Amino acid sequence: MKGLIKKDFLLVKSNIKVLVILFIVIGFMSFTFNGEMNISFVLPFMSVVIMLSTFSYDAYNKWDAYVTALPDGRKNSIKSKYIATIILLFMIAIGVSIITAISTYIKDNTLDFGAILEMVLVMLSTTIIMQSIMYPVIYKFGLEKARIGIFVGAFGLGFLASLISKYVDFKPIIQHLDMLNNYLTFILPIVTIILLYISYKISEKVYKNKEF
Amino acid sequence: MMNNILEVKNLSKEYNDFELKNVSFELPKGMILGFIGENGAGKTTTIKSILNIVNDYTGEINVFGMNNRKNDKAVKEDIGIVLDDMFFPEILNPTDINVIMKDIYVNWDSKLYFKYLKEFSLPTNKQIKAFSKGMRKKLEIATALSHHPKLLILDEPTSGLDPVARNEVIDIFQDFIQNEECSILLSSHITTDLEHIADYIVFINKGEILLSKTRDELLEEYGIVKCTETEFKKINDSDLIRYRKSKYEYEVLVENKKEFNKKYSINTIDKITLEDLMVMMIKGVK
Amino acid sequence: MEIIISNSSGIPIYEQIKEQIKAKIISNELKVNELLPSIRSLAKDLRCSVITTKNAYEELVHEGYVINVPSKGFYVAEINDEVVREELLNKIELLLDEAVRIAKLNSVDKKTILEMINILYEEE
């Protein structure tokens, strides 16, 4: 399985130039923008883009069929994809934390590790939830169809949210949420881990009977 | 003692538009089996079933005397594969493949792998996508050979290779079976590659095995008789396998040209090639 | 050892191999007790199938020209002259048979044929 995790990172490495440039641009932006420039959006963005690119390289050369013919290939292929995703996420999270820490220190001369940690944790959880939903869809329907599904899903959700916000009065709910907010840092990671586990189990099941 | 490296028994699988029907054959130790047939005849589906790339099939497949489903990992450790059109993502390079495969096969031999790369004059640090089709095939073959497998399963390993490269590759295959414990299942629609080196020929058409014999039985005994209509009418139905009528002559596929000659004394009996055989079996009349 | 295989001759490849090895044994090019190449290496060098060389060797064993020593290999057997002579006569008969067949087909008489043989003999 180690080999398969390495494979995903070697795929990332082949595009390393683009990623380094992206990171530098983002770091630069966080320095130059005077206002409150939150770069945490980078985390989900990069993780999704990078991991989707590995899926698309795999699909292009029918890697999934090939790996299935290798010892334990079918079993480890899914596992390694999830592990690679998590390792990558933490790497990006560390990068984002460092850049944020440096830029806030230079600008305000203060360091609030708690705030940074909270921000990163929330973004990390959100990203994992997103990817947990995406992966089983990709494994079930293939990358091409899944891509369309993900776009349609995202738009649909946005549309639905805007529709709901128009007709529903959120004030009492938000008050409740405020209360929830105190526990959020505890609840979110737990929900995330449960979702991740369910997602993994579904993907595994889909892949187990898949024919290539 | 186990004599067959591979046994396929009554393999069947249904698709919407295609069916594999009771495919059975055996591959003894130390031999090369040529698996021939048109594109879409069922070669790849059979191979995918052996490797459990497809699951939903009936029948039994034994590799090294073990059931291929129950011993999936153990079986695959000793199989080297070249699959048609399926491989590592092409932005990787041959060195990356070594890094990955080291962790996948217990017996992966990096030294041997780089030796093959050198022998095939393949660059070690160039992305696969910059490779020509022939180079890519050679890389796939090098990858298949580098964990000391006992069985090579090769789906169209020579397609896209020029004649010189095909020759090189066939040399490698014959080297591989110098060890009596090792066998090769080689599928191809280019029959000339197999005509000389394959020990067994299994011919599949529309999902069914039409012929399964040793090379010598097929190519030295079978023959194509060319005769006139009056001569043709004298031939017993049981003595002809297939025939074709053209404007000037009848072509008749017979199982044993020597015996046929004795019985009918028709002198124009041609030696056949696998290609003739395939064409006669598919296009000829029963 | 040289073996030349023709793919277009119409003679089965195992027979070509067999006949050429046999000729080399008879002519003493291959000496008694000499080890022959293994089935597999011969197949590789001749670019033919393993079963083909195996068939050739098995027939040579059957006809008494070669001995199979299990797990060692195939060795040139000691052949007695009678076997060789029989073999030679068979070959000559086969060729003469062909000659006579052609002669009959084209109504060349026996006398002419015998004359031809006489001339050929004296030429040597």
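Structure first, text after, so check above.
Every value quoted in this text rests on a predicted model; they were computed, and no experiment measured them.

J.: Would you mind going over empty space enclosed by the protein with me for this structure?
T.: With a probe scaled to a water molecule rolled over the atoms, the places where space remains empty come into view. Residue and element names in this part refer to chain A. Overall, the coordinates contain two cavities of 30 Å³ or more when judged by the stated rule. The volume enclosed by the largest cavity comes to roughly 90 Å³. Every residue lining the largest cavity is listed: Leu4, Lys7, Asp8, Phe55, Asp58, Trp63, Asp64, Ser77, Ser80, Lys81 and Tyr139. Listing elements by their share of the lining of the largest cavity, those giving two or more residues are helix H1 (2-14), helix H3 (42-60), helix H4 (63-68) and helix H5 (73-108). Looking at the lining of the largest cavity, its residues break down into four nonpolar, two polar and five charged. Its volume calculated, the second largest cavity comes out at about 50 Å³. Elements represented by at least two residues in the lining of the second largest cavity include exactly H5 and helix H6 (113-167). Of all the elements, H6 adds the most residues to the lining of the second largest cavity, at four residues.

J.: Explain the interface of chain B and chain A to me, please; I cannot follow it from the model alone.
T.: Often, the extent of an interface is quoted as the loss of accessible area on bringing the components together. Contact with chain B, which involves 32 residues of that partner, is made by 29 residues of chain A. Taking both partners together, chain B and chain A bury about 2,700 Å²; carbon and sulfur atoms supply 61% of that area. Connecting chain B to chain A are two salt bridges. Ionic pairing is found between Glu211 of chain A and Lys13 of chain B, a salt bridge with its closest N-O pair at 2.9 Å. Remark: the boundary between chain B and chain A carries 15 residue pairs in polar contact (both at pLDDT 80 or more). Secondary structure elements with two or more residues in the side of chain B that touches chain A: helix H2 (72-77), helix H3 (94-102) and helix H5 (133-145) of chain B.

J.: How should the environment of Ser162 of chain A be read in this particular structure?
T.: Residue and element names in this part refer to chain A. Among the structural elements, Ser162 can be located in helix H6. Exposure remark for Ser162: the relative accessible area of 38% places this residue in the partly exposed category. A sequence separation of 65 residues divides Ser162 from Ser97, and the C-alpha atoms of the two residues are 31 Å apart.

J.: Honestly, the sheet that holds strand E5 (residues 66-67) of chain B in this entry has me stumped. Any pointers?
T.: Residues and elements named next belong to chain B. What the four strands build is an open sheet, ordered E2-E1-E4-E5; its pairing is antiparallel. The strands lining the two open edges of the sheet, one partner per strand, are strand E2 (19-28) and E5. Sitting on the sheet, helix H1 (residues 43-50) is in contact with strand E1 (4-14), E2 and strand E4 (58-63), with an inclination near 115° to E1.

J.: I would appreciate a short explanation of helix H1 (residues 13-26) of chain C in the present structure.
T.: Side chains of residues three or four places apart in an α-helix project in the same direction, reflecting 3.6 residues per turn. Compared with an ideal rise of 1.5 Å per residue, which puts 14 residues at 20 Å, H1 of chain C spans 20 Å between its outermost C-alpha atoms and is within 8% of the ideal. In the segment just after H1 of chain C, Asn28 of chain C is the residue with positive phi, at about 70°.

J.: Sorry if this is basic, but what is going on with the interface of chain B and chain C here?
T.: Of the residues lining the interface, 22 residues belong to chain B; the matching set on chain C comes to 18 residues. When the two sides are added together, the surface that chain B and chain C hide from each other amounts to roughly 1,700 Å², 46% of it contributed by carbon and sulfur. When the buried area of chain B at its contact with chain C is split by residue, Gln178, His196 and Asp216 of chain B rank highest and sum to 29% of it. Notably, a salt bridge pairs Lys44 of chain C with Asp175 of chain B, separated by 3.1 Å at the nearest N-O pair. Across the contact surface, chain B and chain C share 15 residue pairs in polar contact (both at pLDDT 80 or more). Contributions of two or more residues to the side of chain B that touches chain C are made by helix H6 (163-176), helix H7 (192-197) and helix H8 (215-221) of chain B. In terms of residues, the side of chain B that touches chain C owes the most to one element, H6 of chain B, which gives five residues.

J.: What's the story with the packing of aromatic side chains in this structure? I'm lost.
T.: To describe a pair of aromatic rings, you give the distance between the ring centres and the angle between the ring planes. As enumerated under the stated definition, the model contains 21 aromatic pairs over all chains in all. Ring plane angle 35° and centroid distance 6.0 Å describe the contact between Trp63 of chain A and Tyr66 of chain A, whose orientation is recorded as tilted. Note that Trp63 of chain A and Tyr66 of chain A are positioned in helix H4 at a spacing of three residues, about one turn of the helix. Of the residues examined, Tyr66 of chain A reaches a relative accessible area of 2% and is grouped as buried. Centroid distance Tyr243 of chain B to Tyr250 of chain B: 6.2 Å. Interplanar angle 40°. Geometry classified as tilted. You can call Tyr250 of chain B buried: its relative accessible area is 8%. Through successive ring pairs, a cluster of aromatic residues spans Phe55, Tyr82, Tyr135, Tyr139, Tyr200, Tyr207 and Phe212 of chain A. Above the face of the Tyr57 of chain B ring, Arg69 of chain B is positioned so that its terminal group lies 3.9 Å from the ring centre.

J.: Please clarify how the pattern of salt bridges should be interpreted in this entry.
T.: Two side chains that carry opposite charge are able to pair once their charged atoms sit near each other. If you walk through the whole model with that rule in mind, you get 33 salt bridges over all chains. When the shortest N-O distance is used, the salt bridge between Asp171 of chain B and Arg47 of chain C registers 3.1 Å. With Asp171 of chain B in helix H6 and Arg47 of chain C in the loop between helix H2 (39-46) and helix H3 (50-62), this pair bridges two chains. Residue classification places Asp171 of chain B among the partly exposed positions, given a relative accessible area of 30%. Judged by relative accessible area, Arg47 of chain C falls into the partly exposed class, the value being 25%. Residues participating in the shared-partner salt-bridge network are Lys18, Glu19, Lys22, Glu59 and Glu63 of chain C.

About the cut-offs
Residues numbered from 1 in each chain as written. Chains lettered and ligands numbered in written order. Predicted model: local features only at pLDDT ≥ 70, side-chain atom pairs only at ≥ 80, totals over all residues. Heavy atoms only, no water. 1 Å grid on protein atoms, 1.4 Å probe; cavity = no way out; pocket = protein on both sides within 12 Å on 5 of 7 lines; lining within 4 Å. Points joined across faces, edges and corners; volume = space filled by probe spheres on them. Helix = DSSP H or I, 4+ residues; strand = E, 2+ residues; numbered from the N terminus. Nonpolar A, V, L, I, M, F, W, Y, C, P; charged D, E, K, R; others polar. Contact = heavy atoms within 4.5 Å. Buried area = accessible area lost by both parts, 1.4 Å probe. Salt bridge = Lys/Arg side-chain N within 4 Å of Asp/Glu carboxyl O. Polar contact = N/O pair within 3.5 Å; in protein donor to acceptor, adjacent residues only side chain to side chain. Buried < 20%, exposed > 50% of the residue type's maximum accessible area, 1.4 Å probe, protein only. Pairing = 2+ DSSP bridges. Axes fitted to C-alpha atoms, helices over the stretch in contact; angles between N-to-C directions. Expected span 1.5 Å × (residues − 1). Phe/Tyr/Trp six-rings, centres within 6.5 Å; stacked < 30°, edge-to-face > 60°. Lys NZ or Arg CZ within 6 Å of the ring centre and 35° of its normal.

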